[in-house]
Amino acid sequence: MFFSSSLALRRVASRNAKAWMSAMHTTNDETTMVMSMRRLFAASLERRCASTSTTTHKSFTSPPPSFFLRRRHHSHKQQHDQYLRRMMYSTTSGSGSNNNNSPVGWKSLLLLVLTGSGVLFFFENEKKRRMKSIAENQKGVGKAAVGGPFELINAATNKKFTDKDLLGNFCLIYFGFTTCPDICPDELEKMSEVIDIVEKETEKKDNSSNTPSSANKIPPLVPVFISIDPERDTTKVVKEYVKEFHPKLIGLTGSKEQCAKAARAYRVYYHKTNESSKDYLVDHSIIMYLIDKRGDFVAFYGKNYEARPMAMNILEHISSVSNDQK
């Protein structure tokens, strides 16, 4: 189609040139020059027609499918870039702007941080308050639950001995019986060793003090043995028994009711292993009780404690309690 139109244009150009030449009455030289000009004109017109047909052919050629895909992708990319620019503008704009479309603003973020800090602060204070309350309740319950008044007989003097006779000194009390085969002797030996360690450490502290005085001195630790088998542990038996362990050990006994009352005051468990009146053992709790100068319970020590760690722990309690009671 395009080539036929080109030929038609060439024919029209040729006829026009011939008509123009026939109308001119020229010489042979002029005819040659005119023919040359006609050829140049025809060649120029042919090139112009060829370029026009090529442009027309290109303009009507169907584009490949990838062309539409590229244009569609380019359009989607432009829309995505425009959306990102709008979001960045709304985020970086001032907090007072009415066009801020961000889901979380600076005000809401600040409010969230302040609220969380306030809740955390409240719960921390509440936790401290409850822990302090529990500690105070436990402290009060400990003093009321262990220890109390008692009235027994001092085996050395055969006279009445009560809890008031121990006031002013720290004391270490142990409940047992003289016919115990192994546990009671072992515990009383450990008690004697603890007493000696506490005395030595107390003397060192008193001698190293720059301003020694009676008010700053650590009070002595008094060891006490209370019998839970008064039927066999008479004053004479107890007196001879305590001499085997430590010269400062005080041996106490009494009637069956008096010994039972003292054991209940200190929450001591004991029970006869058989019903024989003479040959029996007594199963009992193996605990030493530390009592302060006012007769209040401070701490207790079981069988698993060794002498020196126990003595150092007693010294710490004595120092802290003495400072609190000044």
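Criteria and cut-off values
- Residues numbered from 1 in each chain as written.
- Predicted model: local features only at pLDDT ≥ 70, side-chain atom pairs only at ≥ 80, totals over all residues.
- Heavy atoms only, no water.
- Buried < 20%, exposed > 50% of the residue type's maximum accessible area, 1.4 Å probe, protein only.
- Helix = DSSP H or I, 4+ residues; strand = E, 2+ residues; numbered from the N terminus.
- Patch = residues over 30% accessible without salt bridge, like charges linked within 9 Å, V, L, I, M, F, W, Y side chains within 5 Å.
- Areas by Shrake-Rupley, 256 points an atom, 1.4 Å probe, with all protein chains shown as cover.
- Salt bridge = Lys/Arg side-chain N within 4 Å of Asp/Glu carboxyl O.
- pLDDT = per-residue confidence, 0-100.
- Contact = heavy atoms within 4.5 Å.
- Core = buried A, V, L, I, M, F, W, Y, C linked by side-chain atoms within 4.5 Å.

**Here's the deal with unusual backbone geometry**
Positive phi values are uncommon outside glycine, yet asparagine 158 reaches one of about 60°. Look at asparagine 158 and you get exposed, because its relative accessible area is 53%.

**Comments concerning helix H7 (residues 256-265)**
Within H7, the full set of buried residues consists of Cys259, Ala260, Ala262, Ala263 and Ala265. Positive phi shows up at arginine 267, right after H7, with a value of about 60°.

**As for a nonpolar patch on the surface**
On the surface, Trp106, Leu109, Leu112 and Val113 cluster together into a nonpolar patch covering about 470 Å² of accessible area. Among the secondary structure elements, valine 113 is positioned in helix H4 (residues 106-145).

**Observations concerning the confidence of the model for the chain**
On average, residues of the chain score 76 in pLDDT, and 58% of them are at 70 or above. In the predicted structure, residues 55-60 sits below a pLDDT of 50 and forms two contacts with residues beyond four places in sequence or in another chain. Counting contacts from residues 94-99, a segment whose pLDDT is below 50, to residues more than four positions away or on other chains yields one contact.

**Focus on the side chain of threonine 162**
Relative to the helices and strands, threonine 162 resides in strand E2 (residues 159-162). Of the residues examined, threonine 162 reaches a relative accessible area of 17% and is grouped as buried. Ignoring sequence-local partners within four residues, the contact set of threonine 162 consists of Phe150 and Glu151.

**Re the nonpolar core**
Leu172, Ile173, Phe175, Val224, Tyr266 and Ile314 are the most contacted members of the largest nonpolar core, which totals 56 residues. The element best represented in this core is helix H5 (residues 183-208), accounting for seven residues. Other than its neighbours up to four places away in sequence, isoleucine 173 contacts Leu166, Met191, Val224, Ile226, Tyr266, Ile287, Met288, Tyr289 and Ile291.

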